[in-house]
Amino acid sequence: MKVPVLNIAPGKAISYRGEPCIVLEHRQDGTLLMDVEWVKHQFGSSNNFAVSPLRTHLNSVYLDGITQDHPEEIIPRTVDLTALNGSKKYGTCEAKVAPLTLDELRKYHDIIPKPEVWDWSATPWGTPNVDEDDTWVLGLCSNGHLNCNVCANTYGSRPAFLISSTLTIEVEDEDPVNPLEQYSVNELVAEINRRMNA
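Residues numbered from 1 in each chain as written. Predicted model: local features only at pLDDT ≥ 70, side-chain atom pairs only at ≥ 80, totals over all residues. Heavy atoms only, no water.

Is there a simple way to think about the overall build of the chain in this case?
A count of helical and extended segments in the chain gives four helices and 15 strands. For 198 residues, the compact-globule estimate of 2.2 N^0.38 gives 16 Å, and the chain sits close to it at 17 Å. Principal-axis analysis of the C-alpha atoms gives the chain an extent of 50 × 40 × 35 Å. Relative to its 198 residues, the chain shows a buried fraction of 43%. Counted over contacts in the chain with a minimum sequence separation of 6, partners at least 24 positions apart contribute 64%. Of the accessible surface of the chain, which amounts to about 10100 Å², a share of 52% is contributed by carbon and sulfur atoms. Within the chain, one finds 16 positive and 28 negative side-chain charges whose respective centroids are separated by 4 Å. (Helix = DSSP H or I, 4+ residues; strand = E, 2+ residues; numbered from the N terminus. Rg over C-alpha atoms; globule rule 2.2 N^0.38 Å. Buried < 20%, exposed > 50% of the residue type's maximum accessible area, 1.4 Å probe, protein only. Contact = heavy atoms within 4.5 Å. Areas by Shrake-Rupley, 256 points an atom, 1.4 Å probe, with all protein chains shown as cover. Lys, Arg positive; Asp, Glu negative; His and termini not counted. Charge placed at Lys NZ, Arg CZ, Asp CG, Glu CD.)

What exactly am I supposed to notice about the pattern of salt bridges here?
Oppositely charged side chains can form a pair if their charged atoms are brought close together. Tallied over the full model, the rule gives nine salt bridges. One salt bridge connects Arg17 with Glu73, and the closest N-O pair in it is separated by 2.7 Å. Here Glu73 lies in the loop between helix H1 (53–66) and strand E6 (74–75) and Arg17 lies in the loop between strand E2 (13–16) and strand E3 (19–27), a separation of 56 residues in the sequence. Judged by its relative accessible area of 31%, Arg17 is partly exposed. Assessed through its relative accessible area of 19%, Glu73 is described here as buried. Residue Arg195 is joined to Glu191 by a salt bridge in which the shortest nitrogen-to-oxygen separation is 2.6 Å. Here Glu191 and Arg195 lie together in helix H4 (residues 185–197), a separation of four residues that amounts to about one turn. For Glu191, a relative accessible area of 24% corresponds to the partly exposed category. Each of Glu25, Arg27, Arg77, Glu104 and Lys107 takes part in salt bridges that share partners, so that together they form one network. (Salt bridge = Lys/Arg side-chain N within 4 Å of Asp/Glu carboxyl O.)

Honestly, the sheet that holds strand E10 (residues 119–124) in this entry has me stumped. Any pointers?
Paired through their backbone hydrogen bonds, the strands of a sheet run either parallel or antiparallel. One open sheet holds the three strands; their spatial order is E10-E11-E12, and the pairing between them is antiparallel. What marks the edges here is a single partner per strand, and that holds for E10 and strand E12 (146–150). In this sheet, adjacent strand axes meet at a mean angle of 45 degrees when their direction is disregarded. Bridging between strand E11 (residues 136–140) and E12 involves five bridges; their strand directions are antiparallel. By the bridge assignment, Leu140 is partnered in E12 with Leu146. (Pairing = 2+ DSSP bridges. Axes fitted to C-alpha atoms, helices over the stretch in contact; angles between N-to-C directions.)

I'm lost on the side chain of Asn48 in this one. Help?
Mapped onto the fold, Asn48 is located in the loop between strand E5 (39–42) and H1. Excluding residues that lie within four positions of it along the chain, Asn48 makes contacts with Phe43, Leu81 and Tyr90.

I would appreciate a short explanation of the packing of aromatic side chains in the present structure.
The description of an aromatic ring pair uses the distance of the two centres, along with the angle that the planes make with each other. In the structure shown here, the tally under the stated rule is six aromatic pairs. For the pair Trp118 and Trp120, a centre-to-centre distance of 4.9 Å together with 90 degrees between the ring planes defines the contact as edge-to-face. Relative accessible area serves as the criterion here: at 3%, Trp120 is assigned to the buried category. Among the aromatic side chains, those forming a connected cluster through ring pairs are Phe43, Phe49, Trp118, Trp120 and Tyr155. (Phe/Tyr/Trp six-rings, centres within 6.5 Å; stacked < 30°, edge-to-face > 60°.)

Honestly, the environment of Leu6 in this entry has me stumped. Any pointers?
With respect to the helices and strands, the residue Leu6 is situated in the loop between strand E1 (2–4) and E2. Residue classification places Leu6 among the partly exposed positions, given a relative accessible area of 36%. Distance in space between the C-alpha atoms of Leu6 and Val150 is 37 Å, their sequence separation being 144 residues.

Following this line, the structure appears as structure tokens:
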């Protein structure tokens, strides 16, 4: 049975064009998915995701492959590149596909599976203007702990991307979960008021 991805509860596994993914969150601009398959690639010569070969690879070769040459299905999102030490030197970047940030790893901690091997995040450990560091990147270890690694090493990422919440996908479960169940009554009322006053 085909259903809009909006009807799939966060934490559930789905197949996006044959690729196993986890629904992370339903947002106003779409539904955030994370690929559960590890994409092996070097981060780069610097810990700035905005200029990294990993970003280039995820938003070209990987993007074309996962969308089966329909990259318009993926919605660009803003990736916050605030370093672990609080430095905002790298700012933000727009990307269709990116590893999760530290804040996202914390937010979805209860629903993302531990990686089989060390997993890049988009969050730098530090930046040159705070502690003269442009080599360490935060990542998720196979035991679920966060740690850093040198950006020149070749590891991988389970990247995340945003799709339209109205996109329909095939599901085996005949009983999709109501996506509004994840919100409190107060949150629903606040959203209705926001939309009525916009």
